[in-house]
Every structure is written in structure tokens, then in C-alpha cells.
Amino acid sequence: MAEKVRILVPGAINARVLDALYDRYDIIRIDRADPALVPADVAGTIRGVAVSGTFGAPMFAHLPNLEIVASFGVGYDGVDVKAAAAHDVVVTNTPDVLDDEVADTTIGLLINTVRQLPQAEAWLRAGRWAREGAFPLTPLSLRGRKAGLYGLGRIGGAIAERLKGFGIEIAYHTRRKRDDVPYAYHPTLKELAAAVDILIAIVPKTPDTHKTVDADILEALGPNGVFINVGRGWTVDEEALASALEKGVIAAAGLDVFQDEPNVPEAFLKLPNISLLPHVASASVVTRDAMAGLVAENVIGWFERGGPVTPVPETPVSARG
Ligand code: NAP
Ligand code: 8YV
């Protein structure tokens, strides 16, 4: 019988990934993606990796026969794709299967932020409705607003579809104008921020998106403005955002993602006009199962079916498989 292909799984990963791979492959688990945890005699035997989180350049240098890194999540900023390309390793991610879940959560976060539903529920649970009367009217509403999407890819598009149902006018900023959508295009983020009063960031973490939502952009969004981030914390100048919320430069914010997760800036925790979620936009059993299934399908596709399902553009599939 042929020897099983050896797959390394650093750190925690959704159990469904392991369920799908255990029978077909020789799975080696380590605590994290650290070359010191893979002895040299084992390193040469590893041909695949399934990972949720970080997989850096030292790991690519340490595993000479690595062919594929199947990453859990559509954002693959934790994987050093430059190093992968340099070592002729294919990287895959999990696009499409989470679009609707993330878009649903974005709308929930937007409504929580504007209509203060978490605070209203806390009011009820604390017995304040019976004791003190109705929860105060919310100063903000979705009515009459215009939304700007910073990023109009798979998830941005799904968010826009939902916002249309709310009767909200939609505009967007991306590097390339799309000819297949009816929404107003703004060639700069600042122009978009100035044109709308809801700004939703759903762009990847790349060198170009670092702290692009800064004091200047928040100023342009204005005192009635609401900022929502479901992309990556990397995209926001968090100090500038906390200051803008405190000083009324913008009205409110809703965040699912942070620069240094799971650590959330103290300043955010103290602010009343911010709604905070612990990176849960895709976090339902059904959607995480679909993501896990796609991680496994990429590994199986590569080793058994002639190619991965969803390779990332930075590592086009070579003839190696
Ligand atoms: P996608 O389909 O690749 O869309 C990315 C969008 O961002 C595109 O419209 C792209 O347009 C735009 N973009 C990229 N770089 C840009 C830049 N420098 N300036 C302006 N626009 C830029 O990706 P997706 O599937 O929608 O996912 C987007 C991101 O959401 C992921 O990478 C991930 O970080 C995040 N995410 C978060 C969660 C969560 O749990 N909170 C869940 C899923 C995804 P152009 O290329 O034309 O610029
Ligand atoms: C996941 C995400 O929370 O897909 C992404 O890019 O941010 C989320 O869906 C994460 O990747 C894995 O925990």
C-alpha cells in the first residue's frame, strides 16, 4: 500500500477539517507554525499544510517538500504568500462560502450600532423597562442614509444587495471601477467618505490598506457618520477612530475586527457610541463547516484530483501537482 501523504496542522483548526483529512492522510499536529516544533527529519516529509492563522516565511524555508498550504478563511493575510510563491507552494483560501453569513452579520452590526439594540436589551434584562420606563429614543436611524462600501468584492457585493432592500443609496470605492454594478463609484476613499453617512470597510489586509481609515477620512464622513469595519483591524487607525468617536467627529462605529485581536483597545470599551463584536462575522456552525469543507477539498483536490479548488492569485498553480 502506498504511504499516506503527510499533512502538517499547526495550531487550532475547525474539527471538520481534521474529520475530512484523518482517514486519507498522515496528519501531524503541532501547537503553532514554528520551525522549532518540526524536527529536520520530519520537515522533509511534509507535503501539505492545513492552517487557520499564521504561516510565515520561516516555515516555508523549513519544509523543503511542501506543495500546498490550505488556509482557513477568505482573508489569507496570515500566510506569507510571497514566500509561498518563492518556494513554488500553492496557497488556497475559502472564498464565496461565507459571503452571505458575513454580509448578514454586517447588517446586524450596522443596526446594533445605529439603533442601539444591545443597549436596549441590556435595559430590559436589568429590569429598567419596568422600573424606569421606555428605553430612550435612539438619536440615529438608518432612514434617509447613504452607504459607502470601501471594498466591493464578493462580500461587499453581498452587503450592497442587502442594503438595497433597506432602501439605502449605495456608493463604493475600490481601485478598479466595476462596470457590472449600478452603484456610484468614487476614485478615492476620501471622496466616498464625504459622499455618504455610513462607511463600511470590507477590504483585505494588504500594504495598501494599512490605516487608510484615518482622522482625515473620519472627518470627511462627518458628525452624522457611522463607520462599520468587518474587513480587518489593520485598515483602521484605531487611535484616530477612538478620538473621532469621543469628540463627535463621527456619530458611531461598529467593529467586528481589531488590529491586535483578541485585545481590544481600552478606549473603545469605554465609549458609549461603539458596538463591538469579537470577530464573529462568519462564525456560525453551518458557515464554518462550509469553510472547513473547502479547506479539505483544496488538500484533496491537490493530492488526488489534479488541482486545488480555490488557489489565491499570488500563487498560481504550477505543473508540480
Ligand atoms: P474580495 O472579493 O477579494 O474583495 C476585496 C475588495 O476590496 C475588492 O472590491 C477590491 O477591489 C477591494 N480592494 C482591495 N484592495 C483595495 C485597495 N487598496 N483600495 C480599495 N479597494 C481595495 O474579498 P472578499 O471575499 O470580499 O473579502 C474581503 C476581506 O474581508 C477579506 O480579505 C477578509 O480580510 C475580510 N473578512 C472578514 C471576515 C470577518 O469575520 N470579519 C470574514 C470574511 C472576510 P479592487 O481590487 O478593485 O481594489
Ligand atoms: C474567520 C475571516 O474568522 O474568512 C476570513 O477572512 O476573517 C473569518 O471568516 C477567520 O478566517 C478564521 O477564524
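Rules and cut-offs
Residues numbered from 1 in each chain as written. Chains lettered and ligands numbered in written order. Predicted model: local features only at pLDDT ≥ 70, side-chain atom pairs only at ≥ 80, totals over all residues. Heavy atoms only, no water. Salt bridge = Lys/Arg side-chain N within 4 Å of Asp/Glu carboxyl O. Helix = DSSP H or I, 4+ residues; strand = E, 2+ residues; numbered from the N terminus. Buried < 20%, exposed > 50% of the residue type's maximum accessible area, 1.4 Å probe, protein only. Core = buried A, V, L, I, M, F, W, Y, C linked by side-chain atoms within 4.5 Å. Contact = heavy atoms within 4.5 Å. Axes fitted to C-alpha atoms, helices over the stretch in contact; angles between N-to-C directions. Nonpolar A, V, L, I, M, F, W, Y, C, P; charged D, E, K, R; others polar. Pairing = 2+ DSSP bridges. Near = heavy atom within 4 Å. Polar contact = N/O pair within 3.5 Å; in protein donor to acceptor, adjacent residues only side chain to side chain. Areas by Shrake-Rupley, 256 points an atom, 1.4 Å probe, with all protein chains shown as cover. Phe/Tyr/Trp six-rings, centres within 6.5 Å; stacked < 30°, edge-to-face > 60°.

Draft legend 1. Inspection of the pattern of salt bridges at higher detail. Taken as a whole, this structure holds 15 salt bridges when the rule is applied. In this structure, aspartate 26 engages arginine 6 in a salt bridge whose closest nitrogen and oxygen atoms are separated by 2.7 Å. Of the two residues, aspartate 26 sits in strand 2 (residues 26-30) while arginine 6 sits in strand 1 (residues 6-10), which places them 20 residues apart along the sequence. By relative accessible area, arginine 6 is classed as partly exposed at 25%. Arginine 162 is paired through a salt bridge with aspartate 104; the nearest N and O atoms lie 2.7 Å apart. In this pair, arginine 162 sits in helix 8 (residues 154-165) while aspartate 104 sits in helix 5 (residues 99-115), placing the two residues 58 residues apart along the sequence.

Draft legend 2. Summary view of the nonpolar core. Membership of the largest hydrophobic core comes to 54 residues, with the highest contact counts inside it found for Leu21, Tyr25, Leu149, Ile159 and Leu163. Ranked by residue count, the leading element in this core is helix 13 (residues 285-304), at eight residues. Contact partners of leucine 21, with chain neighbours within four places excluded, come to Ile27, Ala50, Ala296, Val299 and Ile300. Membership of the second largest hydrophobic core comes to 27 residues, among which are Val196, Leu218, Leu241 and Leu255.

Draft legend 3. Local environment of the packing of helix 5 against helix 6 (residues 117-125). Here helix 5 crosses helix 6 at 65°, and the two axes come no closer than 6 Å. Touching Ile111, Asn112 and Arg115 of helix 5 are Leu117, Pro118 and Gln119, all from helix 6. Its residues placed into classes, the contact of helix 5 with helix 6 shows three nonpolar, two polar and one charged.

Draft legend 4. Spatial organisation of the sheet that holds strand 10 (residues 226-229). Sheet architecture is open: seven strands sit in the order 8-7-6-9-10-11-12, paired in parallel fashion. Of all the strands in the sheet, just strand 8 (184-185) and strand 12 (274-276) have a single pairing partner and so form its edges. Pairing of strand 7 (residues 169-173) with strand 8 involves two bridges; the strand directions are parallel. When the bridges of strand 8 are listed, tyrosine 172 appears paired with tyrosine 185. Each of strand 9 (198-201), strand 10, strand 11 (252-255) and strand 12 touches helix 5; the most contacted strand, strand 10, lies at about 145° to it. In this fold helix 11 (residues 238-247) packs onto strand 10, strand 11 and strand 12, with an angle of close to 145° to the strand it touches most, strand 11.

Draft legend 5. Geometry of the side chain of threonine 235. Within the secondary structure, threonine 235 is located in the loop between strand 10 and helix 11. Threonine 235 sits in the buried class, given a relative accessible area of 0%. When neighbours within four sequence positions are excluded, threonine 235 is seen to be in contact with Tyr150, Val203, Pro204, Thr209, His210, Lys211, Thr212 and Val213.

Draft legend 6. Highlighting the environment of alanine 215. Looking at the element boundaries, alanine 215 is found in helix 10 (residues 215-221). Assessed through its relative accessible area of 47%, alanine 215 is described here as partly exposed. The spatial distance from the C-alpha of alanine 215 to the C-alpha of isoleucine 13 is 37 Å, given a sequence separation of 202 residues.

Draft legend 7. Quick look at unusual backbone geometry. Geometrically, the link from glutamate 261 to proline 262 is a cis peptide bond, its omega value of 5° lying close to zero. Here proline 262 is to be found in the loop between strand 11 and helix 12 (266-270). Phi angles above zero are rare outside glycine, and aspartate 96 is one such case at about 70°. Within the element layout of this structure, aspartate 96 appears in the loop between strand 5 (90-92) and helix 5.

Draft legend 8. View of the pairing of strand 1. For strand 1, a buried count of four out of five residues is recorded, marking the element as mostly surrounded by other parts of the structure. By the bridge criterion, five bridges tie strand 1 to strand 2 in an arrangement that is parallel. By the bridge assignment, isoleucine 7 is partnered in strand 2 with isoleucine 27.

Draft legend 9. Structural detail: the site of ligand 2. What surrounds ligand 2 is the set Phe72, Gly73, Val74, Gly75, Leu98, Arg232, His279, Ser282, Arg288 and Met291. For ligand 2, an oxygen atom lies 2.7 Å from a polar atom in the side chain of serine 282. A distance of 2.9 Å separates an oxygen atom of ligand 2 from a polar side-chain atom of arginine 288. Out of a free accessible area of 330 Å², ligand 2 has 80% covered by protein chains. Here the shell around ligand 2 is composed, by residue class, of four nonpolar, four polar and two charged.

Draft legend 10. Representation of the packing of aromatic side chains. According to the stated counting rule, one finds five aromatic pairs in the structure shown. Ring geometry for tryptophan 123 versus phenylalanine 135: centroids 5.6 Å apart, planes at 75°, classification edge-to-face. Of this pair, tryptophan 123 sits in helix 6 while phenylalanine 135 sits in the loop between helix 7 (128-132) and strand 6 (146-150), and the two are 12 residues apart along the sequence. Taken together, a centroid distance of 6.4 Å and an interplanar angle of 50° make the contact between phenylalanine 258 and phenylalanine 268 tilted. In this pair, phenylalanine 258 is assigned in the loop between strand 11 and helix 12 and phenylalanine 268 in helix 12, connecting sequence segments 10 residues apart. Across the pair, phenylalanine 268 and phenylalanine 258 agree in class, each one buried.

In short, the description is geometric, and any link to function would need to be established separately.
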